Amino acid sequence: MQAAVINGRAIEYRVEGPADGPVLALAGALGTDLRVWEPLMDRLPAGWRVLRHSMAGHGLSDLAEADGHAVAHHAGDLSGLLDHVGAARAVVVGLSVGGMIAQTLAAAAPERVAGLVLCCTAHRIGTPDLWSQRIADVRDKGLAAMADTILERWFSPAFRESRPGELALWRNMLARTTPEGYAAVCAAIREADLSEAARGIAVPTLCVAGTLDGSTPPETVAGLAEIVPGARLETIEGVGHIPCVEAPDRLGALVTGFLEEHRLG
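Just so you know, these numbers come straight off a predicted model, no measurement behind them.

J.: Would you explain the side chain of Arg112 in this entry?
T.: Mapped onto the fold, Arg112 is located in the loop between helix 3 (97–108) and strand 6 (113–119). A polar contact is formed between the side chain of Arg112 and the side chain of Ser79, at a distance of 3.1 Å. The residues contacting Arg112, other than those within four sequence positions of it, are Ser79, Leu82, Asp83, Ala87, Ala88, Arg89 and Ala90.

What follows is the structure, given as structure tokens:
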């Protein structure tokens, strides 16, 4: 277990790879922790130092204080973690809200971001009403009661039918997220409109969509790719919202090709 006190709270993280390697920072999705990246780890190129963490209120990380729930605060946590591990700059791979965190960090501290892989995300996700209802539901029902519906957005029917054991473990990860932590990140997404930040991104950017994503459909990710200068869009067929679990080979190949194309190592 690795932990750092960032902005006054304990953040769970893991860093692997050569101490002198270029840094690849992975930022995860609502309702996940750093384990969501495990299937991808062996598919990433050798020589990179890979940093992953559980955002505030997820995994073993402390919940943010009431005034620290914005996406900008989560981006500040990632920046603090980069400081903690001695990384001046990183390529950031962001999944869902992790992609919003990545965009925010690139806008706030462009000198810290060498490139972006924005996976199943957008500059604005959903509507305020949607997130307000989600917050009310998690406080009223709890995540265990909501988990099956969420998993339908996360994973394709083929994954859910053919890999029941894995599905059960990912369900457990989601259901064991605290309602407070989950609701706090819902509130952060509800308030986030990163349109201007996305238009100002000035580093190589790859946007990745899953054709069966029920949370950020391909057209939503395409909308992000259209406003990020020079961004390229790639689509992974037959997968849902969490391609690092469902299609790690294909996502790993896209990340590796992107790093090589832009000589980011």
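J.: Any chance you could explain empty space enclosed by the protein here in plain terms?
T.: Summary: where empty space remains is shown by rolling a probe the size of a single water molecule over the atoms. Under the definition given, this model contains one cavity of 30 Å³ or more. When its volume is computed, the largest cavity comes out at roughly 50 Å³. Along its surface, the largest cavity is lined by Ala27, Gly28, Ala29, Thr32, Asp33, His53, Ser54, Met55 and Ile101. The class makeup of the residues in the lining of the largest cavity is four nonpolar, four polar and one charged.

J.: In this structure, what is going on with the pattern of salt bridges? I would like to understand it.
T.: Between side chains of opposite charge, pairing is possible as soon as their charged atoms come close. Here the structure, examined in full by the defined rule, presents 13 salt bridges. Taking the shortest distance from any N to any O, the salt bridge between Arg52 and Glu16 comes out at 2.8 Å. With a gap of 36 residues between them, Arg52 in strand 4 (residues 49–53) and Glu16 in strand 2 (residues 9–16) connect regions that are remote in the sequence. The exposure class assigned to Arg52 is buried, which follows from its relative accessible area of 0%. Across the pair Glu166 and Arg163 runs a salt bridge whose closest N-O atoms are separated by 3.0 Å. Classification of Glu166 by relative accessible area gives partly exposed; the value is 34%. In the salt-bridge network here, residues are joined through shared partners; they are Arg14, Glu16, Glu38 and Arg52.

J.: Before we go on, may I ask you to explain the pairing of strand 2 in this structure?
T.: Regular strands have side chains that alternate between both faces of the sheet. Pairing of strand 1 (residues 2–6) with strand 2, which is carried by five bridges, proceeds in the antiparallel orientation. Of the residues in strand 2, the one forming a bridge with Gln2 is Tyr13. The hairpin turn running from strand 1 into strand 2, its antiparallel successor, is two residues long, and Asn7 in that turn takes a positive phi close to 50°. Relative to strand 4, strand 2 is paired through four bridges, and the arrangement is antiparallel.

J.: How should the layout of surface pockets be read in this particular structure?
T.: In this structure, the largest pocket spans a volume of roughly 330 Å³. Surrounding the largest pocket, 17 residues form its lining, Asp33, Arg35, Leu169, Asn172 and Met173 being those nearest its centre. Ranked by residue count, the leading element in the lining of the largest pocket is helix 7 (residues 164–175), at five residues. A per-class count over the lining of the largest pocket returns four nonpolar, eight polar and five charged. Its volume calculated, the second largest pocket comes out at about 230 Å³. For the second largest pocket, the lining is made up of 16 residues, of which Ile125, Trp131, Arg134, Arg153 and Ser215 are closest to its centre. Only helix 4 (128–141), helix 5 (143–154) and helix 8 (179–191) provide two or more residues apiece to the lining of the second largest pocket. Grouping the amino acids of the lining of the second largest pocket by side-chain chemistry returns nine nonpolar, five polar and two charged.

J.: Sorry, what's going on with the packing of aromatic side chains here?
T.: To describe a pair of aromatic rings, you give the distance between the ring centres and the angle between the ring planes. Per the stated rule, a full pass over the model turns up two aromatic pairs. With 6.1 Å between their ring centres and 85° between their planes, Trp154 and Phe155 make a pair best called edge-to-face. Owing to a relative accessible area of 1%, Phe155 belongs among the buried residues under this scheme. Arranged with centres 4.4 Å apart and planes meeting at 20°, the rings of Phe155 and Phe159 form a pair that is stacked. Considered together, Phe155 and Phe159 belong to a single accessibility category, that of buried residues. Through pairs of rings, three or more aromatic residues link up here, namely Trp154, Phe155 and Phe159.

What counts and what doesn't
Residues numbered from 1 in each chain as written. Predicted model: local features only at pLDDT ≥ 70, side-chain atom pairs only at ≥ 80, totals over all residues. Heavy atoms only, no water. Helix = DSSP H or I, 4+ residues; strand = E, 2+ residues; numbered from the N terminus. Polar contact = N/O pair within 3.5 Å; in protein donor to acceptor, adjacent residues only side chain to side chain. Contact = heavy atoms within 4.5 Å. 1 Å grid on protein atoms, 1.4 Å probe; cavity = no way out; pocket = protein on both sides within 12 Å on 5 of 7 lines; lining within 4 Å. Points joined across faces, edges and corners; volume = space filled by probe spheres on them. Nonpolar A, V, L, I, M, F, W, Y, C, P; charged D, E, K, R; others polar. Salt bridge = Lys/Arg side-chain N within 4 Å of Asp/Glu carboxyl O. Buried < 20%, exposed > 50% of the residue type's maximum accessible area, 1.4 Å probe, protein only. Pairing = 2+ DSSP bridges. Phe/Tyr/Trp six-rings, centres within 6.5 Å; stacked < 30°, edge-to-face > 60°.

Function cannot be inferred from these measures alone, as they are strictly geometric.
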